[in-house]
Amino acid sequence: MWRRGDFRSNFIAVLIFSWNEVIGFWFANMLAFFLIGLLVHLIFFASIFDIYFTSPLVHGMTPHRTALPPPAQRLVLFVADGLRADTFFELDENGQTRSPFLRNVVEHSGSWGVSHTRVPTESRPGHVALIAGFYEDVSAVAKGWKENPVEFDSVFNESKYTWCWGSPDILPMFAKGASGDHVYTRMYPAEMEDFAAQDASKLDTWVFNEVKNFFEFAKSNETLSAEMWAHEVVYFLHLLGLDTNGHAHRPMSSEYKENIRTVDKGIQEVISVIEDFYRNDKKTAFIYTSDHGMTEWGSHGAGHPSETLTPLVAWGAGVNGPLVGSNQQFQDDFLQEWKLNDRKRFDVNQADVAPLMAALIGVPFPLNSVGILPLEYLNNSDQYKAECMLTNTMQILEQFTVKMIHKKETTLSFLFSPFKPLPLSKGQDMLRTARLYIQQQQYDEAISLCKSLVNLALEGLSYYHTYDRVFLGISVVLGFVGWISYAFVLIVKRHTGLSQPISKLDKLPSNNHLPAVFTGAGMVITLFLLIQSCPWTYYIYCLLPIPVWYAVMKEFRIIQNVINLVLTCPAKSIGYLLLFILGIETMVASFFHRQVLTFGLLSFAGWPLLSKRFQQNKVMSLSWISFSFILAVFPLMPVVGRSPNITLVSAAGLLTVICSFIFLCSFEMAKATSVETTVSRSVYAAQVASIILSVYIVNTTHSSLAVKHGLPLSSQVISWTTLASSLLTPLLSSTFIFQRLLSINLSLMSTYLLLSTGYEAFFPLVLSSLVFVWINLERETIRFHNVSPAEKQLSMINFAQKSDSTHVRHLGLDDIRRSYFFIFFIVTAFFGTGNIASVNSFDPASVYCFLTVFNPFVMGALMMWKILIPFVIVMCAFEGIQVSTRLSSNSLFLIVLVISDIMALHFFFLVKDYGSWLDIGTSSVIRRPFEEPPTSPQQMPSNSTKTSGPGIILLFSTRVRCYIYACSHQGASTIMSAYVRQATELGVNRLVKSSYYQPTVDFGGIINSGSCTDDTRGFITN
């Protein structure tokens, strides 16, 4: 009752009432609980991007350029998408080069080397690194495909005019966002990117023809000609044919190698046209390189040397000519293989190409570039080289300064911890010293000092980029652990016999200060974040633990009951706990090592023997053991480097038809009306026919593509019709448990066959057979333990019947085991035939029955559905187990929720922000965003065993930076042993390896056999 004059007591009473009512409603109502749970998981998921994948870019810097006149007035950049370094430089079987013109440049007029790309080796981040000089963040790439998800500077933006020809997947991101209207693009329509076309090299031919026509047109257009004669002009030719031929025919194919010859000839012709237009004024610089390489099996995106090693050839104005090389120290045999021992090789990191281009034509260095100018390529005075290096240093140091100032302004002064190796005063002092060296003509000293300052600035950028990781990580983990704790409390409270009704005497007294304590904590946190001007997301992450832990503390008596129960049987409880932990760690390990799934499935095979089900039902027990052993084979099968095998797909379809008849005959059909029986049989007959038709479509489609006749329209129509009907047909089948499950599996199998190219077609068949047996064994387990009233036969259970709430039972230990089986099967469904950590990791051949025209979103959606089909099979089976065992679906859901959330916490600590999409998706170590992997053991940092920078969270991993590249190139196997030797010398006892499976969604495109018409958008020349 409200008491006048006692404001403090009244306020606390109202506060307690409000907290209890709000929190009680949220967490007592199951629908509200599910909605809150969804929100918590969305927050947890979003926090990963805020903590690990924020953009490294900073803004507000001033452009810096070298004051001295540049050696070139214009630059021509050729990017051969998907070109491998070894395939380009090596000689063919006749000892002849595939690129006679460019080989002549390497030997007589230019400089060359290998450009070391950064994973993910995809087209978009590769081009950003080449042209903008920084390695695009994962979160930025995820926000857009063809346009700029983040604003960044580039050489094109800094140029006076840039003309681009090529793919609509690459060019728009450099045109959009460019200051002014000086970046012009000419692209072929996206519809022309057809994988089924006969010759992908025609795309490159189109680019060359367009460039030649452009220069011819400029001769008669004074306005355009005047712009082209200006200084600081860039021409960009994006050549996509190699990438497409590599995906379609593999890099070792004749099509890919002939495409290299086509590109070489086209470049020679274009250069001749350009030199003729500019009257051979010797003011044009040329650079030829690639955005990424490609594996033997036609994929890219990961860190295999065939993907990360790309060619770099530079010649023309301002570029060094060939230098005689002897005793060159490279930990590979490429110089011998390529017959280039006598030509000096200069390797660079991919981002270094951007400052090289800026130095050649004298434009400001891109503001966001982290590339270091490769001085070995410049043919100019020592003064010009030193001035360019100083400009490069000032540009990177300013990024560091802006980032440091921003962090300092948004952090309380007594909490701010600066980057001690590089205070602002030290950076300015080093710049002044470098300028003094240049004035005194001590250019080598100036360059050396600038390189040291650049390295410090890059380390500082990484430090401030990860400054808030520990703080945010702790906040998010506190909230999520609280959520898991409350879900556990809810299981005990509602679905076990451990919770006892709390009497009125047990309730918290009205003067309890718990709500006031949590409210006060929330106010303090809010004030703290407000003072520091933190982003609004920080408030969510930091305040989330408040209501969650309050809800947990309200149920403290239930927690006491659980503790008391554990103490009554400590040995048994510890045993169960260890078994639970072992099970979770096994599933976590399977995300990094697929072979662990084999171990788990083989262990599952012994379940009927350990639980005494074998004597009760030998047929089902033997079936369980057999299917477990068969399914255990799939994680051991190769996932990359294999060619399509349509014969296996056909065999899987035939076996599915046979098994469907066996299942229909084996299980007793439920009693139904004659009309329902007739309808069900018609549905099954149609689904079996659909599977046979799918096998036929797969064979005809791939046969047509093999002879380069394209995708038949009839096959495409039938494939899409099958996909659509597979989602609706199961609704027409009988609702009895096995009839409905069989109908669902048949419908899904028809679509899965259309999306298969090899042995994986057998996977859903074996998985569905195993879960069918699982349902039967779980029913036998319920009967054996007499934990549920006697029921009718399993085949008589109807999904449509409403469950009797009076027969719903409490949870037992077997239900935890069922939930664990379910999660393990889900993981097996995801990783049984490959690693799907990356949605865009797939072979394009899988979707050829549906489309061959490049469309990343439709292709990605189709592959996502292929990934989800085994998941749906397991989900439906688990629903059948829930119905047949008379267990509350809420209780099973909560157990699964707790187990999967504990696994999620593991992955939160194991996230890394560097690597391919596959590496990031299966993160096990964290890497600093601006740190480059060494290209040779000699370049490994001297402090390789030193701990990483502050703010980096590592779990179950030593903080050792050691990088191993496993070479598959002929004659290059010595690099692995060299790295291992170096690691041993440094005392490294743990090697960080990356998985090499990364087929990519970025296929580029090819043009149909017809030539491109003139109705495409032309250049704006005004």
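Refer to the structure presented above.
Summarised in this report is the structure supplied together with it. (Residues numbered from 1 in each chain as written. Predicted model: local features only at pLDDT ≥ 70, side-chain atom pairs only at ≥ 80, totals over all residues. Heavy atoms only, no water.)

1. Some remarks on the overall build of the chain
Move 1: What the chain contains, in helices and strands, is 38 helices and eight strands.
Move 2: In the chain, the proportion of contacts linking residues at least 24 apart, taken out of those at least 6 apart, comes to 80%.
Move 3: Put simply, the chain shows about 42400 Å² of open surface, and 61% of that area lies on carbon and sulfur atoms. (Helix = DSSP H or I, 4+ residues; strand = E, 2+ residues; numbered from the N terminus. Contact = heavy atoms within 4.5 Å. Areas by Shrake-Rupley, 256 points an atom, 1.4 Å probe, with all protein chains shown as cover.)

2. Thoughts on the nonpolar core
Move 1: Counting 122 residues, the largest nonpolar core has Trp483, Trp624, Trp774 and Phe825 as its most contacted members.
Move 2: Among all residues touching Phe825, those that are not within four sequence positions of it are Leu601, Phe604, Trp624, Leu770, Trp774 and Val874.
Move 3: Counting residues in hydrophobic clusters, the runner-up holds 78 residues, among them Val79, Val155, Val370 and Met404. (Core = buried A, V, L, I, M, F, W, Y, C linked by side-chain atoms within 4.5 Å. Buried < 20%, exposed > 50% of the residue type's maximum accessible area, 1.4 Å probe, protein only.)

3. A short note on the pairing of strand β6 (residues 284-289)
Move 1: With respect to burial, β6 is a largely interior element, six of its six residues being buried.
Move 2: The pairing of strand β1 (residues 74-80) with β6 spans six bridges and is classified as parallel. The residue of β6 that forms the bridge with Leu75 is Ala285.
Move 3: Both β6 and strand β7 (residues 309-316) contribute to a ladder of five bridges, which runs antiparallel. (Pairing = 2+ DSSP bridges.)

4. Quick look at the packing of aromatic side chains
Move 1: Summed over all chains, the structure comprises 65 aromatic pairs.
Move 2: When the ring of Phe419 is compared with that of Tyr463, the centres are 5.5 Å apart and the planes differ by 40 degrees; the resulting orientation is tilted. Placement of the pair is Phe419 in the loop between α16 (382-409) and α17 (424-439) and Tyr463 in helix α18 (residues 443-465), with a sequence separation of 44 residues. Here Phe419 matches Tyr463 in class, with each residue buried.
Move 3: Where Phe908 meets Phe909, the ring centres are 5.7 Å apart and the plane angle is 85 degrees; that geometry is what we call edge-to-face.
Move 4: Ring pairs connect the aromatic residues Tyr161, Trp163, Trp165, Tyr184, Phe214, Phe215, Trp229, Tyr235, Phe277 and Tyr278, which therefore count as one cluster.
Move 5: One Lys or Arg, Arg817, reaches over the ring of Phe821 and ends 5.1 Å from the middle of that ring. (Phe/Tyr/Trp six-rings, centres within 6.5 Å; stacked < 30°, edge-to-face > 60°. Lys NZ or Arg CZ within 6 Å of the ring centre and 35° of its normal.)

5. Topic: the pattern of salt bridges
Move 1: Counted under the stated rule, the structure contains 22 salt bridges.
Move 2: A salt bridge links Glu90 to Arg98, with the shortest nitrogen-to-oxygen separation between them at 3.3 Å. Across this residue pair, the class does not change: Glu90 and Arg98 are buried.
Move 3: Between Asp92 and Arg261 there is a salt bridge, with the nearest N and O atoms lying 3.2 Å from each other. (Salt bridge = Lys/Arg side-chain N within 4 Å of Asp/Glu carboxyl O.)

6. Concerning a nonpolar patch on the surface
Move 1: A grouping of Ile574, Leu577, Leu578 and Ile581 is seen on the molecular surface, where their side chains present a nonpolar patch of about 380 Å² in accessible area.
Move 2: Mapping Leu578 onto the fold places it in helix α24 (residues 570-590). (Patch = residues over 30% accessible without salt bridge, like charges linked within 9 Å, V, L, I, M, F, W, Y side chains within 5 Å.)

7. Thoughts on the side chain of Ser819
Move 1: Mapped onto the elements, Ser819 comes out in helix α34 (residues 813-831).
Move 2: What makes Ser819 buried here is its relative accessible area of 0%.
Move 3: Excluding residues within four positions of it along the chain, Ser819 makes contact with Phe878, Leu892, Ile895, Val896 and Ile899.

8. Description of the sheet that holds β1
Move 1: Spatially, eight strands are ordered β4-β3-β5-β1-β6-β7-β2-β8 in an open sheet, and the strand pairing comes out mixed. Where the open sheet ends on each side, the last strands, each with one partner, are β4 (183-187) and β8 (348-349).
Move 2: Relative to β7, strand β2 (residues 110-116) runs antiparallel, the two sharing seven bridges. Looking at β7, one finds that His116 is bridged to Leu309.
Move 3: Contacts from helix α12 (residues 254-277) reach β1, β5 (233-239), β6 and β7 within the one sheet, and its direction differs from that of β6 by about 170 degrees. (Axes fitted to C-alpha atoms, helices over the stretch in contact; angles between N-to-C directions.)

9. Here we look at unusual backbone geometry
Move 1: Despite not being glycine, Lys282 shows a phi value in the positive range, around 60 degrees.
Move 2: By the secondary structure assignment, Lys282 is in the loop between α12 and β6.
Move 3: A positive phi angle, close to 55 degrees, is found at Ser533, a residue other than glycine.
Move 4: Relative to the assigned elements, Ser533 resides in the loop between α20 (514-531) and α21 (536-543).
Move 5: Judged by relative accessible area, Ser533 falls into the exposed class, the value being 52%.

10. Considering the pairing of strand β3 (residues 161-166)
Move 1: Counting buried positions along β3 gives six out of six residues, so the element sits mostly inside the fold.
Move 2: Across the two faces of β3 the burial is the same, with Tyr161, Trp163 and Trp165 and Thr162, Cys164 and Gly166 all buried.
Move 3: In this sheet, β5 lies alongside β3 in parallel orientation, the contact comprising five bridges. Paired with Cys164 across the two strands is Phe236, which belongs to β5.

11. Thoughts on the packing of α24 against helix α25 (residues 595-605)
Move 1: At a closest axis distance of 7 Å, the pairing of α24 and α25 adopts a crossing angle of 145 degrees. Our pair here, α24 against α25, has a crossing hand that is left-handed. Taken together, the residues of α25 that come into contact with α24 (itself represented by Thr586, Ala589 and Ser590) are Val596, Leu597 and Phe599.
Move 2: Split by residue class, the contact of α24 with α25 holds four nonpolar, two polar and no charged. (Left-handed = near helix turned anticlockwise from the far one by under 90°. Nonpolar A, V, L, I, M, F, W, Y, C, P; charged D, E, K, R; others polar.)

Treat this as a map of the structure, not an account of what it does.
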